[in-house]
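Structural description and commentary
For reference, the chains in residue letters:
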Amino acid sequence: MEDLMNLAFSLHDKLMKSNEYLTLKSCEKTMLNNNESKSLIDNYHHLQELYSSVKTEEIQSKLHNAKLLMDNNINVINYKKAYKDYQLLIGKITDLVFDGFKLDSIVEQI
């Protein structure tokens, strides 16, 4: 068991040093330190909270426009791409690690 835990910690360290993770963190820092990006994100989240229970066409339009502005910001675009790339890496690793380990539980059949 200790060997497996050491392997898990080693994998964690390697992931933290991976190009995908470092790019993601760099894009996140750039996005959150940029006044325009931060303002667009904050505005969208504020509108979401403010109107979470209101579903009028006008409110939906405001939310849609705020999201569109946020999603078209270059820093948000770069962050989302980096996030997707990192998720793809994690998915590949998960598939590799758990390949062949699908458990068919008897409990689920009862």
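Up top you'll find the structure we're talking about.
Parameters at a glance
Residues numbered from 1 in each chain as written. Predicted model: local features only at pLDDT ≥ 70, side-chain atom pairs only at ≥ 80, totals over all residues. Heavy atoms only, no water. Axes fitted to C-alpha atoms, helices over the stretch in contact; angles between N-to-C directions. Helix = DSSP H or I, 4+ residues; strand = E, 2+ residues; numbered from the N terminus. Parallel < 35°, antiparallel > 145°, perpendicular 65-115°, else oblique. Contact = heavy atoms within 4.5 Å. Nonpolar A, V, L, I, M, F, W, Y, C, P; charged D, E, K, R; others polar. Patch = residues over 30% accessible without salt bridge, like charges linked within 9 Å, V, L, I, M, F, W, Y side chains within 5 Å. Areas by Shrake-Rupley, 256 points an atom, 1.4 Å probe, with all protein chains shown as cover. Salt bridge = Lys/Arg side-chain N within 4 Å of Asp/Glu carboxyl O. Buried < 20%, exposed > 50% of the residue type's maximum accessible area, 1.4 Å probe, protein only.

1. Re the packing of helix H2 (residues 19–33) against helix H3 (residues 35–50)
- Their axes nearest at 5 Å, the elements H2 and H3 cross at an angle of 85°. By the criterion of interaxial angle, the relationship of H2 to H3 is roughly perpendicular. Across from Met31, Leu32 and Asn33 in H2, the residues of H3 making contact are Asn35, Ser37, Lys38 and Ile41.
- A class-by-class count of the residues in the contact of H2 with H3 yields 3 nonpolar, 3 polar and 1 charged.

2. Topic: the side chain of Asn73
- By the element assignment, Asn73 lies in the loop between helix H4 (57–71) and helix H5 (74–98).
- Ignoring anything within four residues of it in the chain, the contact list for Asn73 reads Glu36, Ser37 and Leu40.

3. A closer look at a nonpolar patch on the surface
- Taken together, the side chains of Leu11, Leu96, Val97, Phe98 and Phe101 make up a nonpolar region of the molecular surface, amounting to roughly 550 Å² of accessible area.
- Top element by residues in the nonpolar patch is H5. It accounts for 3 residues.
- Mapped onto the secondary structure, Val97 falls in helix H5.

4. Notes on the pattern of salt bridges
- Counted according to the given criterion, the structure contains 5 salt bridges.
- When the shortest N-O distance is used, the salt bridge between Glu28 and Lys25 registers 2.6 Å. You can see Glu28 and its partner Lys25 sitting in helix H2, 3 residues apart, about one turn around the helix.
- The class for Glu28 is partly exposed, based on a relative accessible area of 23%.
- Looking at Lys25, the relative accessible area reads 36%, which means it is partly exposed.
- The partner of Asp42 in a salt bridge is Lys38, with the nearest N and O atoms 2.9 Å apart. Taken as a pair, Asp42 and Lys38 lie in helix H3 at a separation of 4 residues, close to a single helical turn.
- Salt bridges linked by common partners bring Lys67, Asp71 and Lys80 together as one network.

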